[in-house]
Every structure is written in structure tokens, then in C-alpha cells.
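Given next are the chains, with one letter for each unit.
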Amino acid sequence: MKEAQMTIPHLFRCPISLDLFSDPVTLSTGQTYDRSSIERWFAFGNLTCPVTMQKLHDPSLVPNHNLRHLIEQWRQMGHHFHPEYSTAIDPLFYLKRNLESPHSTLQDKLQTLEKIRVLMDETPSKTPFLLQIGFLPLLSQLLFGKLDPQFSGKYADFEEKLLSCILKLIPFGEFQCLNMLKEESKLESFLVLFENGSGMMKQNLCRLVGAISSSPETRELCAMIGRNHRFLQGIDHLIQQNFETSEAGIEAISALCCLESNRESLVREGLINGLITYILNTETKERSSAGTAMTTLEQLVGSERSGKEALIKDPRGVKAVVKMVFRVSDHGGSESALNSLIMVCYESLEAREKAIGAGVLTQLLLLLQSQCSCRIKSKARTLLKLLRSKWDEEQ
């Protein structure tokens with residue numbers, strides 16, 4: 001029995017029982033245990049991670065499907081792996097231990113993260129191995145754990161490298177580990193990083209929000225972020241003040257719009273004005289996310305009455321939408337602009353007057369003469385008829 005146990009790879013042993021995993025689950029700390037062992041640990045009143053001894057604010061157990069699949073493969077191969085497999089995975093254990101160890105210096109960890117980044121860039125085939133041994137929850141825990149109050153220099157570089165590696169792993173892994181951000185302390189870390197981080201940090205956190213919004217596993221977290229005042233105000237500032245990072249902000253707002261409750265929060269926090277500013281600022285830009293901004297604006301205008309009112313109330317609002325009606329490089333933006341104008345002009349005389357004053361009739365005629373789709377031309381005719389019929393009623 002002892003000899004059989006010795007043949008079990010270290011990766012496949014539960015740190016508590018030291019037996020082969022039967023139902024591996026991962027904690028928010030990134031450590032994996034057998035379900036029965038960790039549940040027994042909790043039953044005795046322990047609220048810490050047995051390996052790291054960190055206090056667990058979120059005791060959720062996330063099934064480690066990658067590791068379970070790996071153990072099944074190992075069993076099917078007669079408890080042996082091809083030598084190439086051991087050659088590939090053993091160095092990854094060494095890298096993981098460097099990141100976990102309290103004795104590793106910040107410089108050591110920086111060098112380790114750089115090795116991981118190079119590995120993922122140059123040998124993408126090894127990325128699944130990183131997931132199998134629990135790198136994604138570990139990196140997430142390191143990023144959103146206790147922050148250095150100074151948040152500068154090498155420490156800021158460390159945080160940026162952590163986030164970069166997380167974004168590379170997420171498309172291949174399970175999103176559930178990101179639910180650690182539902183903990184108050186972890187969400188606070190996220191907000192501090194967003195408020196005080198570099199432009200690259202802000203952009204990458206916006207991309208992380210996009211990933212969170214895309215998965216049903218993190219739908220509740222998406223709703224939490226979508227109603228967070230500090231984050232929404234930070235996004236609004238980002239898209240209005242810094243064009244270099246604003247595109248990532250636009251993509252994050254668009255992603256958050258997947259939930260109706262988030263749209264209400266976005267309108268309430270004044271994001272319609274931010275979208276309007278962004279659209280107007282992109283008039284002279286060859287490449288931008290103006291089409292995405294216009295589609296998002298359409299969603300907010302159509303979600304509730306306050307969205308329409310916010311668009312009309314902003315002195316530049318209707319003008320910005322009219323400018324998107326005929327945009328040669330972006331017919332998708334044209335359709336969203338038409339839909340938005342139809343919604344606000346149907347009910348509001350003020351909106352109709354502003355649209356006509358901003359030159360919507362000329363824009364519509366240009367659009368009808370362009371090579372756009374029949375559907376867009378049909379909507380252009382609908383808006384023309386609407387403006388004409390309302391004009392006749394008012395005479």
C-alpha cells in the first residue's frame with residue numbers, strides 16, 4: 001500500500017489526507033483539497049485554508065474539473081504519464097511554489113511571473129497545465145489579496161503582471177474563481193487598483209469586467225460591479241478624460257449592459273453623458289469604439305424613460321446621435337443612432353427640434369444614397385416619415 005501511494009504524483013494528493021483526490025475542489029486561496037477532507041475541516045469549526053492558514057471570508061468550494069480530468073487520464077494510462085508530460089509540468093510546480101512561498105522576495109515573484117508570461121506567449125500548449133495545477137485562483141488571490149498601501153514601484157509592476165497573466169488564462173479556465181471579488185475586502189482591492197493603477201492597469205481591469213460579464217458563473221458579480229458607484233464614476237472619468245484608455249472603458253460599459261439592472265445604474269450614474277462625450281471626441285479619430293458606444297447608448301435610451309430624458313437633457317446629446325446617423329465606416333453605429341432617434345423623437349417635440357437643428361434630414365438623405373443595408377435604409381425612411389408626420393400634426 002505504501003509503495004502504491006508513493007507512485008501517486010504530488011499534484012494528485014489532497015494536502016489534508018495525503019490520499020488520491022476523489023472529488024477535488026479549490027478554495028478562494030487557490031489551494032485544492034478533496035471535498036470530504038475540507039468539509040470535515042470546516043465541520044470542526046475551522047474557517048481558514050489549511051495550507052496557507054489564511055482566514056476564509058468566502059468558504060465556497062469550486063470543483064476543479066481540470067484536475068479531475070487529469071487524474072482520470074492518469075488512471076487510464078495505468079498510473080503513468082509520458083515522460084514528456086513530467087518534463088512539462090514539474091517546472092510549473094516550481095514556479096507555483098515560488099509564488100506561494102512567504103519566503104520569496106518581491107523580486108523573486110516578479111521574475112517568476114515574467115517566466116510564466118514568456119511560457120504562455122512562446123509555448124501556448126502549456127497553458128492547460130497551468131490551469132490544472134491551480135494557477136488561476138492563486139494569481140487572483142495574489143492580485144486581490146492585501147494590497148501594499150504605497151502601491152508604487154516594483155509592487156505596482158507585480159500587480160500589473162499578475163493581471164496580465166490572469167487575462168491570458170481566463171479564456172481557458174473557469175470563471176468561478178473570480179467570484180472571490182464578491183468578498184468586501186477583495187472588491188475593495190479591485191476598486192483601489194482601478195482608482196490608483198496605471199493606464200494599463202485600468203484598461204486590463206476593464207477587460208476583466210468584460211470577461212466577468214460574459215459568463216453565467218459570474219452573473220451575480222457582474223450585477224455587483226454594475227451598481228458600484230465608485231467603479232461607475234471611475235469609468236465615466238476614464239471615457240471622458242483619456243482617449244488612450246477610453247476604448248477599454250467603453251467595452252466595459254457595453255459588457256455591463258448585459259443585465260437590465262445594470263442599465264438602470266448606468267443611467268442613474270450619468271454614463272449617458274460620458275458616452276455622448278466619447279462619441280463627439282471620436283469625430284476626428286480614424287479608429288475608435290464609437291460604434292460600440294452608440295450601441296450601448298441605444299440600450300440605455302431604450303431601457304427606461306430616464307434614459308431618454310438624459311439624452312434629450314444633455315445639450316450635446318441629440319447632436320451626437322445625429323452625427324452617428326451617416327458614418328461611412330460604421331453602419332452598425334448608424335442603425336443604433338436611427339433606433340435611438342426614433343425612440344426619442346416619437347415622444348418629444350424638443351428632441352425632434354434638436355435633431356432637425358443638428359442636420360438630421362441631410363444625414364438621412366446621405367444615408368439613403370449610400371451602400372448601406374436595406375434594413376438601415378428602411379429605418380431611415382421610418383425616421384423621415386416620423387419627423388414629417390409629427391411636423392404636420394404640429395402645424
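Our subject in this report is the structure included herewith. Please read these numbers as outputs of a predicted model, since none were measured by experiment.

This part is about the overall build of the chain. Within the chain one finds 22 helices and three strands. Going through the 395 residues of the chain one by one, you find that 52% of them count as buried. The contacts in the chain between residues at least 6 apart in sequence include a share of 67% that link residues at least 24 apart.

To continue, consider the packing of aromatic side chains. What the rule picks out here adds up to four aromatic pairs. On the numbers, 5.6 Å between centres and 50° between planes, the contact of Phe-190 with Phe-231 is tilted. Taken together, the residues Phe-190 in helix α9 (residues 184-196) and Phe-231 in helix α12 (residues 229-241) connect sequence positions 41 residues apart. Measuring from ring centre to ring centre gives 4.9 Å for Phe-194 and Phe-231, while their planes differ by 50°; the resulting arrangement is tilted. Of this pair, Phe-194 sits in helix α9 while Phe-231 sits in helix α12, and the two are 37 residues apart along the sequence. For the pair shown, Phe-194 and Phe-231 are each scored as buried. Ring pairing ties together the aromatic residues Phe-144, Phe-190, Phe-194 and Phe-231, which thus form one cluster.

Among the structural elements, Thr-112 can be located in helix α5 (residues 106-122). Dropping the residues within four chain positions of it, Thr-112 is found in contact with Leu-95, Asn-98 and Leu-99.

Strand order in the open sheet formed by three strands is β2-β1-β3, with antiparallel pairing between adjacent strands. Edge positions in the open sheet fall to β2 (32-34) and β3 (62-63), since each of these has one partner strand only. Pairing of strand β1 (residues 24-26) with β2, which is carried by three bridges, proceeds in the antiparallel orientation. The partner of Pro-24 across the bridge, within β2, is Asp-34. Packing against the sheet, helix α2 (residues 35-43) makes contact with β1, β2 and β3, and its axis sits at approximately 95° to β2.

Side chains of a nonpolar character, in soluble globular proteins, are inclined to be buried together. Counting 119 residues, the largest nonpolar core has Phe-190, Leu-208, Phe-231 and Leu-297 as its most contacted members. With eight residues, helix α8 (residues 153-169) is the single largest residue contributor to this core. Both domains that meet at this core, namely domain 1 (1-80) and domain 2 (270-359), each give it at least three residues. With near-sequence residues (within four places) excluded, Phe-190 lies in contact with Phe-144, Leu-181, Leu-205, Leu-208, Val-209 and Phe-231.

Another aspect to go through is the environment of Pro-216. Examined against the element boundaries, Pro-216 turns out to sit in the loop between α10 (199-214) and α11 (219-226). In this structure Pro-216 comes out as exposed when scored by relative accessible area, which is 65%. The spacing of Pro-216 and Gln-176 is 40 residues in sequence and 9.3 Å in space, taken between C-alpha atoms.

To continue, consider unusual backbone geometry. In this structure, Leu-18 is a non-glycine residue whose phi angle is positive, near 65°. With respect to the element layout, Leu-18 can be found in the loop between α1 (2-6) and β1. Of note, the phi angle at Met-53 is positive, near 60°, even though the residue is not glycine. Mapped onto the fold, Met-53 is located in the loop between α2 and β3.

Parameters and conventions
- Numbers given for residues are sequential positions, taken from 1 along each chain in its written order.
- Residues qualify for local features only when their pLDDT is at least 70, as the model is predicted, and side-chain atom pairs are given and counted only at 80 or more; totals for whole chains, interfaces and linings, by contrast, use all residues.
- Calculation of side-chain values draws on the structure's entire complement of heavy atoms; hydrogens and water are dropped beforehand.
- The numbering of helices and of strands both runs from the N terminus, where a helix is a DSSP run of H or I of at least 4 residues and a strand a run of E of at least 2.
- Relative accessibility thresholds used throughout: buried, under 20% of the residue-type maximum; exposed, over 50%; partly exposed, between the two (1.4 Å probe, protein chains only).
- Residue contacts are defined here by distance: any two heavy atoms, one from each residue, within 4.5 Å place the two residues in contact.
- Pairing of aromatic rings covers Phe, Tyr and Trp, the last through its six-membered ring, and needs centres within 6.5 Å; plane angles under 30 degrees mean stacked, over 60 mean edge-to-face, and all others mean tilted.
- Note: two strands are recorded as paired if DSSP finds a minimum of 2 bridges between them.
- Axis lines are fitted through C-alpha atoms, for helices just across the contact stretch, and the angle between N-to-C directions can take any value from 0 to 180 degrees.
- Throughout this description, the term nonpolar core refers to a set of buried Ala, Val, Leu, Ile, Met, Phe, Trp, Tyr and Cys residues connected via side-chain atoms within 4.5 Å.
- Domain borders in the structure are assigned automatically or taken from a domain database.

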